[in-house]
Amino acid sequence: MTFTLTTYRDVNGVLQMMSNDTCMEVLRTLGRTFADEMREINKPVDHESALMNGIAAYHILRLEGENAQLDAAYKRVLKLVTAAAFEMVKQSA
């Protein structure tokens with residue numbers, strides 16, 4: 001397994017790095033916050049996965065471009081999920 005770092009520039013223009021685990025945790029945090037706030041207004045989300053809720057929140061709330069760390073984390077997690085899905089299909093063939 002390869003260790004991969006995802007980079008982004010913070011609000012001060014400083015290059016920052018995140019591991020895959022950190023990228024997933026950024027989205028999980030968004031997902032937990034999103035689910036909590038939806039429950040607060042009596043609109044609970046159907047999915048229990050904080051990661052999936054984070055991906056959904058990113059789209060529903062149209063957060064692209066709002067936060068460089070979140071954008072980088074989202075793009076990296078989508079690459080990881082896509083690669084895992086293709087690997088599952090390849091193994092089942």
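What counts and what doesn't
Sequence positions are assigned chain by chain, starting from 1 and proceeding in written order. A pLDDT threshold of at least 70 governs which residues receive local features in this predicted model, and a stricter bar of 80 or more applies before side-chain atom pairs are shown or counted, although totals over entire chains, interfaces and linings include all residues. Hydrogens and water molecules were not included; the side-chain quantities draw on all heavy atoms of the structure. Between buried and exposed lies partly exposed: a residue is buried under 20% and exposed over 50% of the maximum accessible area for its type, with that area taken using a 1.4 Å probe on protein chains only. Secondary structure elements follow DSSP: runs of H or I no shorter than four residues count as helices, runs of E no shorter than two count as strands, and numbering proceeds from the N terminus. Here the rule is simple: two strands pair whenever DSSP picks up at least two bridges between them. Only buried Ala, Val, Leu, Ile, Met, Phe, Trp, Tyr and Cys residues count toward a nonpolar core, and they belong to the same one when joined by side-chain atoms within 4.5 Å. Here a residue-residue contact requires only that any non-hydrogen atoms of the pair lie within 4.5 Å.

Participant: Is there a simple way to think about the pairing of strand β1 (residues 5–9) in this case?
Facilitator: In the case of a regular strand, side chains alternate between the two sheet surfaces. What you see with β1 is a clean split: Thr 6 and Tyr 8 sit on the buried side and Leu 5, Thr 7 and Arg 9 on the side with no burial. Across 5 bridges, β1 lies against strand β2 (residues 15–19) in antiparallel orientation. The partner of Leu 5 across the bridge, within β2, is Ser 19. As consecutive antiparallel partners, β1 and β2 are separated by 5 residues, and within that stretch Gly 13 has a phi angle of approximately 85°, a positive value.

Participant: Looking at this structure, I do not really get the nonpolar core. What am I missing?
Facilitator: Looking at soluble globular proteins, one finds that nonpolar side chains tend to be buried together. Among the nonpolar cores identified, the biggest contains 17 residues, and Met 18, Leu 27, Leu 30, Tyr 58, Leu 70 and Val 77 are the most heavily contacted of them. Listing elements by their share of this core, those giving two or more residues are α1 (20–40), α2 (50–60) and α3 (68–92). In this structure, Leu 30 is in contact with Gly 54, Ala 57, Tyr 58, Leu 63 and Leu 70, ignoring residues within four places of it in sequence.

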